[in-house]
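Overview (structure and organization)
Letter by letter, the chains look like this.
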Amino acid sequence: MATTTSAAPAAFAAAGRSHAYARRGRYLLFSLPALLAIFAVIVFPWAFTVYMSTQEWGIVGDTAFVGAANYLHLLSDARFLESIWHTFYFTFLAVVLPLILGIAAALVFHREFPARGLLRAVFIMPMMATPVAIALVWTMMFHPQLGVLNYLLSLVGIPPQLWVFSAHTVIPSLVLVEVWHWTPLVMLIVLGGLASLPTEPYESAVIDGASQWQMFRHITLPLVLPFIMVALVIRTIDALKTFDTIFVITQGGPGTASETINIYLYLQAFSFYNMGHASAVVVVFFAIIVALSLLLLWVRQRTLWTLKT
Amino acid sequence: MNDHRREPRPGLDRRELLKSSAGAAALTAATLPWLGRRAFAQADFDWRQFEGEHIEVLHTKNPRADLLQQHEPEFMELTGIDVGSEQVPEQQQRQKQVIEFTSGATSFDVTDVSWHVQKRLFGKGKWLEDLRPYLDDPKLTPADYDFDDFSQAGITYATQADGRIDTLPAFIDYWIVYWNKELFDAKNLPYPSNYDELIEAARTLHDPANGVYGWVSRGLKNANTPVWTSLLLGWDMDSVNEQGELQTTTEEAIRAAEIYTELNAKYAPPGVAGFNWYECQSNFMQGNVAMWFDGIGFAPPLEDPTKSRVVGKVGYGVMPPGPRAQHAGMFGTGLGVSAFSEKKGPAYFYALWATDKENQARLLANGAGSPARESAYQNEEVLANLTVPRDWVDALIASGKIGRPGLPVIIPVTEFRDIFGVALTNMIGGADPKTELEKATEQFRPILEKSERA
C-alpha cells in the first residue's frame, strides 16, 4: 500500500515532467524558424568569415589554409594600424561634439518660445537626408578654390582653408559633416528624456532657492543621463561604422590620411579582392566594436546603479 | 574569314605597332554611309537567327552607355532579340562583374570591360568568351562588320597575351593637355613642344597672387597614378616591362615622378593632393588654370556655356614629346560576352551591333568619347556636325598615332594604382620621390609576384 501511495506521486511527477518536456519540445518547434533564420543570416556568415580569415583567399586561383597568418600580417601592417588610429580619432570627435551640441540644443528646444515646433523641425532636417547626397554637397562646399565655406570665411577675413584636401585637416573636416548630420539625433533622444522628467524635484528646488545651474547640475543632468548614455552608445557604434561620408568625400585620402578601418576593409575586399585578409580585418573590427559597446553598456549600468543608490 | 588576327610584322615590335595605330589611316579621305543606314544589314546575313531570345547587358554608367541604350530599340528591331540593359557606376560595376564571374554564374550576357584595369584579371580567369571563332564564322559575323577597321591600338588592347580576342573594341581614351589659350596668349607663350617647355610654361603662367595657377592634374591617390605613368611614357618606358618586371625605381621613373611633383606641388592650386578629375575640371572651367592633364573626354563640359567660363578658349594639346619618345597614355573599353552565358550567340550579336561603324560614329558625333574604329574619324558628315571643336578631334587623331597603354597589363592594377598613388600624394606633400618610389616598389613587388603565381 505504502508502495502504491509513494509510487503514485512519483508517477504523476514523471508524467508531469514528460508533459513539460513535450510542451517545451513543441515550443522549440515554434522557435525553429527564428533559429534557422539566425543561423542563416548571423551564425553562418560569421563562422564563414572566421573560416575565410584563416585562408589565403583571392579571386583568381585556389585558396590555401594559412592559419593565423592574416592576423599576424595585420599586426605588422602600418597602414592597418594607422587606420585604427584614424578610426578612433574620427569616432572620438564625431561622438563628443554631437553629444555636447545635441544636449545644448535639447535644452534650448525644451523651453517654450515662439515657433519652437517649426525650428525644431528645421533642426532635425539634416538627419533625414541621405548620407551620400550630403557627402556630395559637402564635397563641393569644401572645394578650396570654389567652395562656399572658404567664401564664407573670406567674408570675415579668415584665409582660405584646405579642409578635406589637406592631410592635417581632413579628419576634423569630415567630423564637421558628421556633426551637422547627427547632432539632431542626439537632440531628439535627450529631448525625449527631458520631456519625461517629473516636475516635483524642480518645484522643491525652487522652494529651496536653487539656481538654474544648480537645478541643471543636480537634477536635470543626473535624471537625463540614461538618455545621454543611449545617445552615446548609438553615436559611438554609428561613428565607428561610418563609411559612406568618408568614401564619397575623400576615399580615405589625401594619401591615407582619412583611411579608417572601414575604408581599409573595403579596399582590401572589393578593390584588391584579398578576401582572406579582409575577413581578418572584419573579425578584428568586430572585436573592437563589441569591446567598445560592452564598455559603454557597462558604464551605462554603472550610471544607473549610481542613480539608484 | 575576317583577317582580324593581325600578326605583328617581322621586326616590328608592339610599341611600333602602337605608334602606327589608330589615327594612321584616319586622315585618309573616305566617306562612309551616314548614320541611320546600317552598313552591314545586308540581305544575305541572317540577323534574326536568334529571334525571340532575351539577353541582359551590364554597362558602366557613362554617356557612351546612354547612347547605346537610346538606340537599343534599333537592335531589337534588327534582330528580334529582346534586351534588358542596365548601367552601374564604374566601381560597383567592376565589383559586380568580379563577384559574379567568380561565382560561376553571371546575371549578364554582355558587359563592358575596362582593359586598363580588368584585361589581365579577366583573361587569366578566362571569364569571357573567345570571340575568334565567332569572328571567323560568316554565319555569325557579317562581312561588312570589318574588324580591320578597328585601330591597331584597339585590337592590341582587345587581344590577350595568349592570342584570344575576348572583347570587341569600343572606346579608347587618350590623355591630352587642355590648355587655356587666353592665358598663354597673354604671355605670348606657344603650346609646349617638350617636357622642359611644359614645366617652363607652368612656371611662367603660375601667378597665384592673381588667382592663376600654371598646372593642375589629379593628386588623389589611385586617380593620380596614370598622370605619372603617362609622363613616364616620354622615356619610352612602361611601369612594368614585357617580362613583367617593375621599372618603377629606374632613373626614368624617378625623373617622371619629380616632374609630377614639381608641377603639382609648385604650380597647382592649393589642395591638389586631394583632387580627382572633378576638382581639376572645375578649376580649369573657371579659367584660372593654364594647363590640365587628363583624359580626352572632357570637351563637352568645357565647351558648355552654361557651365564653363573657358568656352572657345580651350586648346586641346597632344602630349608633348618626352626626352626619348612621344606617347599619349591610352586607356580603353571593350565589350565582352560572358563565358557563363547561355545566350552567347545573341550576346555576341549585341556586341557586334554596339561596336559597328554606325554606333562608333555616333560616339564621335555626340562628343561622348573616342571611338576605336578608324572609319569614325573619316566620316566627313560626322566631322561636319560635331558638337565639340574640331581641334579636339585633331588632338584625338594625333593622340591615336602615339597611343600607348597608360597602365600596366597586370592583375593587381588597382593595388598598383593605390600603392603608387599614395607615394605620389606623399611627394606632393614634400616627400622625396626616389624614397617614395622605392618604398612603394618594395611594397608592391610581392603582390605582383603572388598575382602571377595564383
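Overview of the structure.

What counts and what doesn't
- Residues numbered from 1 in each chain as written.
- Chains lettered and ligands numbered in written order.
- Predicted model: local features only at pLDDT ≥ 70, side-chain atom pairs only at ≥ 80, totals over all residues.
- Contact = placed C-beta atoms within 7 Å.
- Helix = DSSP H or I, 4+ residues; strand = E, 2+ residues; numbered from the N terminus.
- Nonpolar A, V, L, I, M, F, W, Y, C, P; charged D, E, K, R; others polar.
- Buried ≥ 20, exposed ≤ 12 C-beta atoms within 10 Å, placed from the backbone.
- Axes fitted to C-alpha atoms, helices over the stretch in contact; angles between N-to-C directions.
- Parallel < 35°, antiparallel > 145°, perpendicular 65-115°, else oblique.
- Left-handed = near helix turned anticlockwise from the far one by under 90°.
- Core = buried A, V, L, I, M, F, W, Y, C linked by C-beta atoms within 7 Å.

1. Considerations on the interface of chain B and chain A
- Contacts between chain B and chain A engage 27 residues on the former and 24 residues on the latter.
- For the side of chain B that touches chain A, the secondary structure elements donating two or more residues are helix 3 (90–103), helix 4 (115–125), helix 11 (277–285) and helix 17 (413–428) of chain B.
- Among the elements that make up the side of chain B that touches chain A, the one with the highest residue count is helix 17 of chain B (6 residues).
- Considering only residue class, the side of chain B that touches chain A consists of 10 nonpolar, 12 polar and 5 charged.

2. Describing unusual backbone geometry
All names here are of chain A.
- Cis geometry is adopted by the peptide bond preceding P254, which originates at G253 and carries an omega value of -5 degrees.
- Summarising the element assignment, P254 is placed in the loop between helix 11 (244–249) and helix 12 (261–271).
- One non-glycine residue, Q251, lies in positive phi territory at about 55 degrees.
- As for its placement among the helices and strands, Q251 is situated in the loop between helix 11 and helix 12.
- Under the C-beta neighbour-count criterion, Q251 is labelled buried, with 21 such atoms within 10 Å.

3. With respect to the packing of helix 8 (residues 170–195) of chain A against helix 10 (residues 212–241) of chain A
All names here are of chain A.
- Close contact between helix 8 and helix 10 brings their axes to 8 Å; oriented N to C, the two are set at 155 degrees. Here helix 8 lies roughly antiparallel to helix 10, going by the angle between them. Helix 10 is crossed by helix 8, and the crossing has right-handed handedness. Residues E178, W182, V186, I189, V190, G192, G193 and L194 of helix 8 lie in contact with helix 10, whose contacting residues are V224, F227, I228, V230, A231, R235, D238 and A239.
- Class assignment of the residues belonging to the contact of helix 8 with helix 10 gives a composition of 11 nonpolar, 2 polar and 3 charged.

4. Overview of helix 13 (residues 344–354) of chain B
- Burial within helix 13 of chain B is extensive, with 10 of its 11 residues counted as buried.
- Among the residues making up helix 13 of chain B, those that are buried are B:K344, B:P346, B:A347, B:Y348, B:F349, B:Y350, B:A351, B:L352, B:W353 and B:A354.

5. Remarks on the nonpolar core
- Counting 188 residues, the largest nonpolar core has A:V190, B:I176, B:Y178, B:M291 and B:Y350 as its most contacted members.
- It is helix 8 of chain A that contributes the most residues to this core, 13 residues altogether.
- The contact partners of B:M291, leaving out residues within four places of it in the chain, are B:V177, B:Y178, B:W179, B:A201, B:A202, B:G214 and B:W215.

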